[in-house]
Amino acid sequence: MRTKRHALNVFSIGLLVILLTSCGPKHEPILPEKGNITASVYASVTVWPDSMYRVYASVSGILEKHLVEEGDSIRPGAPLMHLTDATPRLSTENARLQMELARQNYSSSSTPLKDLEVQIQTAELTYRDDSINFRRQEKLWSQQIGSLADFENRKLAFERSRNQLQRLLSEYERLQKDLKSQMIQAQNTYQSSVVKTSDYTLRSTIKGKVYALYKEPGEGVLPNEPLALLGSPNVFLAELLVDEIDIVQIHEGQLALITLDAYPETVFKTQVTKIYPQKDERSQTFTVEARFEKAPDILYPGLSGEANIIIAHRENVLTIPKDYLVGRDSVRTAQGVRKIVTGIETLDRIEIREGIDATTELLRPDQ
């Protein structure tokens with residue numbers, strides 16, 4: 001009895017499997033469709049003002065005060081903020097004093113040069129007298145008048161005064177050159193100190209708008225810390241982050257369709273204008289810049305959204321659903337598997353260039 005009941009159960013299970021298999025979903029054959037197909041690359045979007053840059057200080061110090069406010073319009077050279085540090089001011093004042101002293105020393109009325117001028121004048125008078133006496137004594141001696149000793153003494157005095165005058169003239173020339181060099185060095189030191197002091201007043205390099213001030217008066221400032229964000233007041237760019245897998249398909253001039261979270265119902269047309277070659281190792285993406293053909297009236301830095309960069313478009317071409325592909329180059333028909341040549345593709349459809357036509361019935365690979 002137990003054996004018969006077991007056989008009956010096995011038969012029932014087999015019948016149930018056959019019924020379930022025969023009742024499974026059947027897909028009707030489909031035909032390829034003619035239409036348009038557009039391939040695109042996805043990118044995340046952040047909006048930034050054109051000519052945007054962050055302001056950094058080249059020196060350390062304390063932020064003394066802001067000279068602008070967020071939202072202010074600025075011109076090139078406009079002061080933005082002032083840092084303070086007593087050391088540069090003291091260095092500048094010391095350099096100025098050294099420069100003034102060097103100028104005075106170099107002037108003809110200065111004590112060092114004036115003293116030498118007096119000595120030179122005295123030496124010239126002595127040299128003139130000794131020269132006259134020597135020439136007179138030399139003439140007398142040529143006539144055998146006077147003594148040899150007198151002649152030699154006059155000659156020695158003449159040579160001594162001549163050498164003294166030459167030494168003083170050389171010393172004057174050397175001192176004048178040294179004082180001039182010291183004056184130039186002092187002027188350079190002062191100018192360098194003035195430039196360093198001017199580094200404590202930060203200025204704009206563009207005509208634009210102040211979007212952010214990152215520090216408050218009284219806070220310390222280091223050269224590697226951003227202090228302000230500046231940019232164009234009315235021209236904005238879209239910054240697109242493209243995955244490294246897709247970046248080779250992106251070229252300047254391509255159309256990018258953008259939607260922003262702030263304008264969810266509007267699609268904005270932009271054009272790719274720049275591709276930055278450096279990859280971000282953290283996100284494994286490349287930065288692509290795009291410009292709006294017609295931007296909305298109100299934009300703010302940091303607005304985010306999504307973009308589809310159009311990389312290819314075909315009109316009136318044969319397409320099929322991608323899930324009807326067998327591998328990458330075949331489809332299943334009633335007559336068997338057939339090779340095809342494909343073209344561009346989207347997430348769900350792919351272009352067929354060769355192998356089948358609009359009358360070819362296609363079966364799903366899993367049927």
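Below is a summary of the structure that appears in this document. (Residues numbered from 1 in each chain as written. Predicted model: local features only at pLDDT ≥ 70, side-chain atom pairs only at ≥ 80, totals over all residues. Heavy atoms only, no water.)

**Side note on the overall build of the protein chain**
Turning to step 1, where the next piece is worked out: A tally of helices and strands in the protein chain yields four helices and 20 strands.
Turning to step 2, where the next piece is worked out: Scored against the burial criterion, the 367 residues of the protein chain give a buried share of 31%.
Turning to step 3, where the next piece is worked out: Put simply, 72% of the contacts in the protein chain that link residues at least 6 apart link residues at least 24 apart.
Turning to step 4, where the next piece is worked out: Just so you have it, the protein chain exposes about 23,200 Å², and 52% of that area is on carbon and sulfur atoms. (Helix = DSSP H or I, 4+ residues; strand = E, 2+ residues; numbered from the N terminus. Buried < 20%, exposed > 50% of the residue type's maximum accessible area, 1.4 Å probe, protein only. Contact = heavy atoms within 4.5 Å. Areas by Shrake-Rupley, 256 points an atom, 1.4 Å probe, with all protein chains shown as cover.)

**Remarks on the sheet that holds strand β2 (residues 53-56)**
Turning to step 1, where the next piece is worked out: Spatially, four strands are ordered β2-β9-β7-β4 in an open sheet, and the strand pairing comes out antiparallel. The outermost strands of the open sheet, each flanked by one partner alone, are β2 and β4 (73-74).
Turning to step 2, where the next piece is worked out: Both strand β7 (residues 208-213) and strand β9 (residues 226-231) contribute to a ladder of four bridges, which runs antiparallel. When the sheet's bridge partners are listed, Lys209 is paired in β9 with Gly231. (Pairing = 2+ DSSP bridges.)

**With respect to a negative patch on the surface**
Turning to step 1, where the next piece is worked out: Together, Glu69, Glu70, Glu216 and Glu219 make up a region of like negative charge exposed at the surface.
Turning to step 2, where the next piece is worked out: Of note, Glu69 is situated in the loop between β3 (61-66) and β4. (Patch = residues over 30% accessible without salt bridge, like charges linked within 9 Å, V, L, I, M, F, W, Y side chains within 5 Å. Salt bridge = Lys/Arg side-chain N within 4 Å of Asp/Glu carboxyl O. Lys, Arg positive; Asp, Glu negative; His and termini not counted. Charge placed at Lys NZ, Arg CZ, Asp CG, Glu CD.)

**A word on the pairing of strand β1 (residues 33-49)**
Turning to step 1, where the next piece is worked out: The pairing of β1 with strand β14 (residues 304-321) spans 13 bridges and is antiparallel. Paired with Ser40 across the strands is Ile310, a residue of β14.

**Comments concerning unusual backbone geometry**
Turning to step 1, where the next piece is worked out: The backbone of Gln284 sits at a positive phi, close to 60 degrees, despite the residue not being glycine.
Turning to step 2, where the next piece is worked out: By the element assignment, Gln284 lies in the loop between β12 (263-280) and β13 (285-292).
Turning to step 3, where the next piece is worked out: Residue Gln284 is classed as partly exposed on the basis of its relative accessible area of 26%.

**What to know about the sheet that holds strand β8 (residues 220-221)**
Turning to step 1, where the next piece is worked out: Spatially, β6-β5-β3-β8 is the arrangement adopted by the four strands of the open sheet, whose pairing is antiparallel. The sheet is open, and its two borders are formed by β6 (201-203) and β8, each paired with just one other strand.
Turning to step 2, where the next piece is worked out: With three bridges joining them, strand β5 (residues 79-84) and β6 adopt antiparallel strand pairing. Considered in β6, the bridge of Pro79 is made with Arg203.

**Overview of the packing of aromatic side chains**
The geometry of an aromatic ring pair is captured by the separation of the ring centres together with the interplanar angle, meaning the angle of the planes.
Turning to step 1, where the next piece is worked out: Overall, the coordinates contain four aromatic pairs when judged by the stated rule.
Turning to step 2, where the next piece is worked out: Residues Tyr211 and Phe236 carry aromatic rings whose centres are separated by 6.4 Å and whose planes lie at 75 degrees to one another, so their mutual orientation is edge-to-face. Of this pair, Tyr211 sits in strand β7 while Phe236 sits in strand β10 (residues 236-243), and the two are 25 residues apart along the sequence.
Turning to step 3, where the next piece is worked out: A connected cluster of aromatic rings, assembled from ring pairs, spans Tyr263, Phe268 and Phe292.
Turning to step 4, where the next piece is worked out: When the ring centre of Phe158 is taken as origin, the NZ or CZ atom of Arg135, which lies over that ring, is 5.4 Å away. (Phe/Tyr/Trp six-rings, centres within 6.5 Å; stacked < 30°, edge-to-face > 60°. Lys NZ or Arg CZ within 6 Å of the ring centre and 35° of its normal.)

**Section: the side chain of His82**
Turning to step 1, where the next piece is worked out: Note on placement: His82 falls in strand β5.
Turning to step 2, where the next piece is worked out: Beyond its immediate sequence surroundings of up to four residues, His82 is in contact with Ile62, Leu63, Glu64, Lys65, Leu67, Tyr200 and Thr201.

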